Amino acid sequence: MGTLLRRWVLGLLVAATAMLAQAAGAGEPAGDWVGVMTTPNTGDLTLALHLKKTAGGYAGTLDTIELGSRGVPVTAVAEADRLALEVPSVRARFEGAWDAGAGRWDGTWTSASGQTFPLRLTRGLPPPRPRVEGLDGDWQGTLNVGPAGLLRLALHVRTGPDGTVATLDSIDQGVNGVPILVSRKGREVTFDMRALRATFIADLAADGAAMQGEFSQMGSLMPLVLKRSSDGPVSLPASTPATRPPETWRVPDRATLQPLLARRIDVEHRGVGMAVGTISPDGRQVVSYGRLAAGGAPVSGDTLFEIGSITKVFTGLLLEDMVGKGEVGLDDPVAKYLPADVRVPTRSGKPITLRQLATHTSGLPRDFPLNKARRLEDIYAGATEAELFKLLGTYELPRDPGAEWSYSNVGVGLLGVALSRRADKDLQTLFRERITGPLKMSSTTLDVAAIPAARLATGHDADLKPVPPFPTGPGVVAAGGLRSSIDDMLNLLEAELGLRATPLAAPMAAMLKEDRPGMASTRQAIGWMAMDLPSGRVFTHSGGTVGQRAFAAFNPKTRQGVVVLSNAEGSAGADDIGLFAIGGVPVRPLPPAPPPRLPREPRAETPLSADAAKPYLGRYRLSRSITMEIGYDGSQLTLQSTAAGRTGPSAPLTFHGADAFSLAVGDTDLAFQRGGAGSATMLVLRGPAGEFHLPRQPD
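Okay, so let's go over this structure. (Residues numbered from 1 in each chain as written. Predicted model: local features only at pLDDT ≥ 70, side-chain atom pairs only at ≥ 80, totals over all residues. Heavy atoms only, no water.)

**A word on the packing of aromatic side chains**
Consideration 1: According to the stated counting rule, one finds 15 aromatic pairs in the structure shown.
Consideration 2: Aromatic side chains phenylalanine 539 and phenylalanine 554 sit 5.6 Å apart centroid to centroid with 25° between the ring planes, which places their arrangement in the stacked category. You can see phenylalanine 539 sitting in strand β26 (residues 536–544) and its partner phenylalanine 554 sitting in strand β27 (residues 549–555), a full 15 residues away along the chain. Both residues of the pair, phenylalanine 539 and phenylalanine 554, belong to the buried class.
Consideration 3: An aromatic cluster of at least three residues, connected via ring pairs, comprises Tyr616, Tyr620, Phe655, Phe661 and Phe672. (Phe/Tyr/Trp six-rings, centres within 6.5 Å; stacked < 30°, edge-to-face > 60°. Helix = DSSP H or I, 4+ residues; strand = E, 2+ residues; numbered from the N terminus. Buried < 20%, exposed > 50% of the residue type's maximum accessible area, 1.4 Å probe, protein only.)

This is how it looks when you write it as C-alpha cells:
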C-alpha cells in the first residue's frame, strides 16, 4: 500500500505541476480566439482572431463574421500577460490583459475614428452557420428608394456542410457579394445585412416562389418582393476583391475623370449631363460631360444644379455662425425660437435642441406625412410652416432626443425655421448675408425663378425623361432647397480647406468638432458627415432630388476637395465618382440601365359612388410593419400607407371599372380580389418595384 500511495501522490504532484505550467502559459496568444464586440452602428460583431508566433512576435489574421471580411492582416505584441493587436488596414487596435481565472483576454478595441468598445477574446472558433432550409436558389427584386430611383437586387442562398451562406448584389450600384446572415421561423424569413445596416424581413409564399416583406435601412422602411429565379440570377459577374484605397492620394486629372463621366452617360445610361470640380493647393479643375437637357447646351462650371440635402451643410454653417455671434446656443431648446403656441414634442422631460436638429438626433420623422400629396415632390412643396407646426403638435417622439441617429429632413427644416425667426429674416436673405455673400457664391440660391434658364440643368428621372424643378416649401427648404454650381461649390470647399481667408473660418471649424455616430460607418458632424479613408478623414454630404444628384467632400489632411453634380436621379450618379476623386475608392463599372418603362395606355375614368366603394374599404397588410388603408373621400378611393406606426400621405385612386384602379399620378396599378360575400379580400399592387399581394385584415 505504501508504494502505491507514494506513486499516487507523485502522480498527483506531476499532474498539479502540469496544471500549474498550463495555467502559467495560458496567456500565450498563439492560436484561435473569438469575441463579440457591440457597436452602435452595426450591433453585435463576431471577431475571429488567428495568431501564430513569429521571430518578431506574433502575426495572423482577423475575420469579422457578420461583415464578411476575412483574412485581414494583424500583428501582435504580448508582454507580461498583456496583449496589443494592430490592424493596419483599418487603423484599429486592441489592448487587453489576461484574465487567468476566466481564461480570456479582457480589453478595449479602438477604431480609426477613436471610438472604443469592450472586447473579450476566448480560445476557440466562431459557431458554425446555421442551416436554413427551403431558401436555396437565386432571388430577384427591385427596391424603390424614392429620389434615389429603382435598385435591382439579386439574392443568392446556398446551403452546404458549413451551413447556409447568402450574399446580396445591388446591380445598379455596382456592388456584389454583400454578406447576409439568414434565419427563419416558419414562413417568416430574416436577412441581416450588417455591412449595410439593413434587414429584409419577409413572408415566404406557400409555394416557395416568392418572398414579400420590408427592407429596413437606417430608419427607412421600404416594401420589397423577391421572386425565385428559374432563368439564372440577374447579377453582376464575379469580381476580384475590392482594391483598398491608397494611403496617399491626389485628386485625379482631367484625363482620368473625363472617361468616367463619358462611360456613366454614354454606356451605362445613368445621366444626361455631369460635372466634376476638384480643388487642392495646386489649384482648381472643372471637368464636364453631357448637356443641360437632351439636345441642349453643354454643362459647365457655372451650370446650376439642384444640390438637395447638401443644403444641410449651409444650414449647419448658419447655425454655427449664429452660435459664434451669441445669437443662439447649440443646446438651446428649439421651442425658444418658435411661436409660443407651437407645441414641440418632448420625451422623458427632455426638449429637442438645435444641436440635435443639426445632427439628426432629434427623433423627428424623416419626412412630412402630408395628406392629399399626389407625388413625392408634393410632400416637400406642401411643407409650409403651418404644416410643420401641425406635425409638431401631434407627433410623439419614438425615443429620447439625442438618444439615436435617424436622418430627418423635418428636423433640419425646423432648424432653418427657428434660425430664420430668431434673425427675423427669410432663409434666402440669411444665406446670402452670412454665407454665400462672404464666400462669393453669387449663383447659389433658394429662388429657382431667379436663375436664367440658359444656366439651369433640367432634372431627369430613372428613365432619363425630363422632370420639373424640385419644389421645397418653407417648412423644409433648409433641408434641401438650394441650387448651386461647380464654381460656387469650389468656393465653399476652398474656404473649408483654408485655401482662402474667410470670416467663416471659426464656424466652419466648429462644425467639424461635433463627432457622434452617424449613418453606417460614418460619423456625424454639424451639417457634414465624416468617413475615414486610408488617406485621412473625409467630410462629405450627398444630395438627391426627384431628378438630380450631388456630392461634395473635402479632406483637411490632404487639403483636397471634390464636387460632383448630375442632372439625373439615382444613387449611381455622383457618389461613387466623388469618393474616387477624393480618396481613390474604386469606381465599379455598372451594367447599362434597364430600358425605359413604356407609358401606360390611357384608360377611361369611371365614377365611383359611396355604395360602390364600400366593398373595398378597409386595411390591407403588406408586411408585419406596413399596411395600406383604403378610404373614400366623397368622390374616389384613397390609399394611405402606414409603416412602423408612421402614416404617409393619402393618395387618390382612379377607378377604371371591374375592380381595377390606378394611382392618379405615377405608374402603379391596383386590383382587388373579392370573396364569396362580395367584399374585397386581397389588394394587388403592380408597379415599377414589382407585384405585391396584400390580404385584407379583419375590422
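**Thoughts on the environment of glutamate 28**
Consideration 1: For glutamate 28, the location among the structural elements is in the loop between α1 (2–24) and β1 (31–39).
Consideration 2: On a C-alpha basis, the gap between glutamate 28 and asparagine 409 in space is 52 Å, while along the polypeptide they are 381 residues apart.
Consideration 3: Among the polar contacts made by the side chain of glutamate 28, one reaches the side chain of tyrosine 58 at a distance of 3.0 Å. (Polar contact = N/O pair within 3.5 Å; in protein donor to acceptor, adjacent residues only side chain to side chain.)

**Structural notes on helix α6 (residues 385–394)**
Consideration 1: For α6, the set of buried residues is Leu388, Phe389, Leu391 and Leu392. One face of α6 carries all of its buried residues, which in axial projection span an arc of 155°. Exposed positions of α6 whose direction lies more than 90 degrees from the buried face are Ala386, Lys390 and Thr394.
Consideration 2: Packing partners of the buried residues in α6 comprise α7 (409–423). (Arc of directions from axis to C-beta. Contact = heavy atoms within 4.5 Å.)

**A word on the sheet that holds strand β30 (residues 626–632)**
Consideration 1: Taken in spatial order, the eight strands of this open sheet run β29-β30-β31-β32-β33-β34-β35-β36, and their pairing is antiparallel. The sheet is open, and its two borders are formed by β29 (618–621) and β36 (690–695), each paired with just one other strand. Here the strands of the sheet are splayed against their neighbours by 30° on average, with no regard to which way each runs.
Consideration 2: Examined bridge by bridge, strand β32 (residues 646–657) and strand β33 (residues 660–663) share four bridges and lie antiparallel to one another. Its bridge partner lying in β33, phenylalanine 655 is registered against phenylalanine 661. (Pairing = 2+ DSSP bridges. Axes fitted to C-alpha atoms, helices over the stretch in contact; angles between N-to-C directions.)

**A short note on the nonpolar core**
Side chains of a nonpolar character, in soluble globular proteins, are inclined to be buried together.
Consideration 1: Phe314, Val334, Leu338, Leu364, Leu392, Met489 and Trp528 are the most contacted members of the largest nonpolar core, which has 77 residues in total.
Consideration 2: Filtering out sequence-adjacent residues up to four positions away, phenylalanine 314 remains in contact with Ile307, Phe431, Ile435, Thr436, Met441, Thr444, Leu482, Met489 and Leu492.
Consideration 3: Membership of the second largest hydrophobic core comes to 24 residues, among which are Leu135, Val182, Phe200 and Met211. (Core = buried A, V, L, I, M, F, W, Y, C linked by side-chain atoms within 4.5 Å.)

**Notes on the side chain of threonine 361**
Consideration 1: Within the element layout of this structure, threonine 361 appears in the loop between α4 (354–358) and α5 (376–381).
Consideration 2: There is a polar contact of 3.0 Å between the side chain of threonine 361 and the side chain of threonine 359.
Consideration 3: Dropping the residues within four chain positions of it, threonine 361 is found in contact with Gln356, Pro401, Gly402, Ala403, Glu404, Trp405 and Arg516.

**What to know about the pattern of salt bridges**
Consideration 1: In the structure shown here, the tally under the stated rule is 39 salt bridges.
Consideration 2: Among the ionic pairs, lysine 425 bridges to glutamate 433, the shortest N-O distance being 2.7 Å.
Consideration 3: For glutamate 433, a relative accessible area of 42% corresponds to the partly exposed category.
Consideration 4: We note a salt bridge from arginine 686 to glutamate 691, for which the minimum N-O separation is 2.7 Å.
Consideration 5: Accessibility expressed as a relative area gives 25% for glutamate 691, which makes it partly exposed.
Consideration 6: Three or more residues are tied together by salt bridges with common partners; here these are Arg263, Arg264, Glu268 and Asp576. (Salt bridge = Lys/Arg side-chain N within 4 Å of Asp/Glu carboxyl O.)

**Thoughts on the environment of serine 635**
Consideration 1: Summarising the element assignment, serine 635 is placed in the loop between β30 and β31 (637–643).
Consideration 2: Along the chain, serine 635 and threonine 394 lie 241 residues apart, while their C-alpha atoms are 28 Å from each other.

**Topic: the packing of helix α3 (residues 311–324) against helix α11 (residues 505–513)**
Consideration 1: Axis separation between α3 and α11 bottoms out at 9 Å; the angle between their running directions is 110°. One way to sum up the angle between α3 and α11 is to call them roughly perpendicular. Where α3 crosses over α11, the two elements pack in a sense that is right-handed. Of the residues in α11, those in contact with Val313, Gly316, Leu317, Glu320 and Asp321 of α3 are Pro507, Met508, Ala510 and Met511.
Consideration 2: Looking at side-chain class alone, the contact of α3 with α11 contains six nonpolar, one polar and two charged residues. (Parallel < 35°, antiparallel > 145°, perpendicular 65-115°, else oblique. Left-handed = near helix turned anticlockwise from the far one by under 90°. Nonpolar A, V, L, I, M, F, W, Y, C, P; charged D, E, K, R; others polar.)

**What to know about the environment of arginine 624**
Consideration 1: You can see arginine 624 is positioned in the loop between β29 and β30.
Consideration 2: In the structure, arginine 624 is positioned 411 residues away from glycine 213 in sequence and 7.6 Å away in space, judged by C-alpha atoms.
Consideration 3: With residues up to four places along the chain from it excluded, the contact list for arginine 624 reads Glu188, Ile201 and Glu214.

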